[in-house]
Each structure stands twice: as structure tokens, then as C-alpha cells.
Amino acid sequence: LYFGNPAYAMGDIAFYGAALSGTDLSRLFEAEATSRDGEVQNELENMYEGRRLADFTGRPEPSAGWRRGLGLNLREDGDYGHFFQQGCGPCLRFTPEGLRITTPGFEEYYRRGEIDLSRMYLWTRRVWEGDLWVTFEFKLHAHGGLALLMAQAAGMQGEDFLGDYPLRSDGAMGTVHREDVRNYHWEFYREMADTRNDLVSHALLKNPWLRPLGFQIENRVWELERWYRLTFLQEGARLRGVVDRVTVLDALDGGFDNNGPVFRHGRVALRAMMRTDLSVRDLEIWTRPGFTAVAAAPAAGLSGDS
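Presented here is an overview of the structure given in this document. (Residues numbered from 1 in each chain as written. Predicted model: local features only at pLDDT ≥ 70, side-chain atom pairs only at ≥ 80, totals over all residues. Heavy atoms only, no water.)

1. Focus: helix 2 (residues 38-49)
At step 1: Over its twelve residues, helix 2 extends 15 Å from the first C-alpha to the last, a length consistent with the 16 Å expected when each residue adds 1.5 Å.
At step 2: For helix 2, the N-terminal cap is D37; the gap from its side-chain oxygen to the backbone nitrogen of E39 is 3.0 Å.
At step 3: One or two residues past the end of helix 2 sits G50, with phi positive at roughly 70°. (Helix = DSSP H or I, 4+ residues; strand = E, 2+ residues; numbered from the N terminus. Expected span 1.5 Å × (residues − 1). Polar contact = N/O pair within 3.5 Å; in protein donor to acceptor, adjacent residues only side chain to side chain.)

Below is the structure:
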């Protein structure tokens, strides 16, 4: 019986004729566990059962230093000029309710044999700097696929990887974590073959190191043809993900764990994997400076206008 870790030591193993419910498993654990740790138990219940997720009702207030840099309803063809599309040219179309993104399924992908038509990125043409607040609404039209938000995406030395290098056309995963682009990426919709499909789950990673920053299960399922409000908020090293005013990710990055610095500038992108069908509308991006400009004092013996 292989569990993936040869260091496991097994004692009694029980077999049941039907799947045990969460309640059944909890009762067994309470009755048979040889040790308990309340702090660990609370953390596991929060992460894997979605208990005690914090409410979020904030808004980017100008009085707090936030400035809106982009606001698009994504219902008009002219909005396309604010983006650079990488991969899957035919996958986008503007509709009266929002930008529809539909990527081919596996069968169509293998029949065509065209990698660029299977996945796509939609990058902002603008580079953002400082604290970041990204929010938009999305609606799922079919189950399956995966969608993620990339933020603070830049070259490995902080350079503009789209402005300084040849433009990329391939929609493959390499740009996320296998090439010369560092970024945060939040998989907010995950229904691929290698992810959990029965409940909503979220994953937050720091690339290209694939450094896990956060993971969360929500005790609910995705509903089709319903609008959800997504918000990504970065304040300094703190990163939060919010769906419909519920905090589903709350992570703290750092620059001292051999996974690069805290990212403070770069582009934002929406990415769709294979067999994804969703619409997006009412995108807003706000920023807040991460530093305060201070006039330099004149050098000794020089006038202020020397």
C-alpha cells in the first residue's frame, strides 16, 4: 500500500464498504487519536474545511493614498487596446455582458496540434508600482479549466520583460514559472485534472521559484452563470485574495528565504488554461506608492540651485 512517503509507519488499517463523511471521520479521529494539538487542528480546519474565513469590506480610498490607474467595463472592443494578448488569438471576444474567454478543450487541442490555441495571457500594457489593488467580476459558463491572476510580473532584475525583450506568442505555462519572469500568481479558479474539483480551492505562489505562499479550500462549489467579485490586494509584503467579500488568502511574503525579494512593480495579467470558459467585466487597478519622495538636502558649500 503506497502513500508516497517511504517514511510512513502503519499500524491498524480499516476498510469500509462506503465512503466516510467528514462527520464520520471527525468522530473516528476524536475517538482514536493518540495526541492532539489545538492550534494545528484550527489551522487544518481553516485551510481544508474553509472555517472562520474573515470578511473583507475594504475599498481603495483616495484619502488613504490609493490612485486608480485603470477602469474598464470590458464590454467594448476599444478596451482591447489596453492589453497585450499572448497566445490563443481566437479565444477572446467582447460581448454586452463582458469579455468572454473560451479556450479549447483537450480533444480540440490534440486534434489541432497547436499549442498557441490552447492557453492564453492577457497582459496590461501598463507597468504598475507600489501597493496594488486589482478587482474585477467573473462568471463561469462551464466547469473545467483553470484561471489565474498574475501580478507584479517583471524580469529577473526587475526589467520590463515585455518592453525589453522580443514579444512572446506562446500561451504555455513557461512564462508563469519556468522562464525569466518573476511574479505572484493566484489560481482563483481550479478545475483541472490535477486539482481538487469537488470544492472551491485557491493557490498563491511566488515565481519562478514556485514558492507556495497560500492555499485555501472553501466549503462550497462554483456556480455557473453567476457573477463573482474578485479582489487581489498587496500592501507591502502582505498579499490577500478576496472573493465576494470573503478573504480566501492572506499571506506574508519575505525577502530572506532564498526566493527573491518582495515584488513591488510589474505588469498584471489574466491567464486561462485549457477548456476554460468565463467572462470578465468591470476591471479596476489601483496603486499606492511604496515610498515617499523627499527632496535631497544641498551639499555643503553649495546653494540649493547649484
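Having put the structure on the table, let's press on.
2. Some details on the state of the cysteines
One way to say it: the disulfide is the covalent bond shared by the sulfur atoms of two cysteines.
At step 1: Inspection of every chain in the model, using the stated rule, returns one disulfide.
At step 2: Here C88 pairs with C91 through a disulfide, and the sulfurs are 1.4 Å apart. Across the pair, C91 and C88 agree in class, each one buried. (Disulfide = S-S within 2.5 Å. Buried < 20%, exposed > 50% of the residue type's maximum accessible area, 1.4 Å probe, protein only.)

3. Details of the side chain of Q86
At step 1: With respect to the element layout, Q86 can be found in strand 2 (residues 83-86).
At step 2: Classification of Q86 as buried rests on a relative accessible area of 0%.
At step 3: Within polar-contact distance, the side chain of Q86 engages the backbone oxygen of D170 at 2.8 Å.
At step 4: A polar contact of 3.0 Å, which involves the side chain of Q86, links it to the side chain of T175.
At step 5: Beyond its immediate stretch of four places on either side in the chain, Q86 contacts R119, M120, Y121, W123, R168, S169, D170, G171 and T175. (Contact = heavy atoms within 4.5 Å.)

4. Details of the side chain of R288
At step 1: Mapping R288 onto the fold places it in strand 16 (residues 277-288).
At step 2: Among the polar contacts listed, one links the side chain of R288 to the backbone oxygen of A64, at a separation of 3.2 Å.
At step 3: In this structure the side chain of R288 is engaged in a polar contact, spanning 3.0 Å, whose partner is the side chain of E235.
At step 4: The residues touching R288, leaving out its near neighbours within four places in the chain, are A64, G65, W66, E129, G130, D131 and E235.

5. Describing the pairing of strand 9 (residues 181-191)
As a general feature of sheets, a regular strand has side chains that alternate between the two faces.
At step 1: Within strand 9, eleven of the eleven residues are buried, leaving the element largely enclosed by the surrounding structure.
At step 2: Note that strand 8 (residues 145-155) and strand 9 share nine bridges and pair antiparallel. Considered in strand 9, the bridge of A154 is made with R182.
At step 3: Judged from the five bridges that link them, strand 9 and strand 10 (residues 200-207) form a sheet pairing that is antiparallel. Pairing of N183 across the sheet is with N207, part of strand 10. (Pairing = 2+ DSSP bridges.)

6. So, the pairing of strand 15 (residues 265-272)
At step 1: With seven of eight residues buried, strand 15 lies mostly within the body of the structure.
At step 2: With four bridges joining them, strand 5 (residues 120-124) and strand 15 adopt antiparallel strand pairing. Within the sheet, the bridge partner assigned to L122 lies in strand 15 and is L270.
At step 3: Pairing between strand 6 (residues 128-129) and strand 15: two bridges, direction antiparallel. In the strand pairing of strand 15, W128 is matched with G266.

By themselves these figures say nothing about function.
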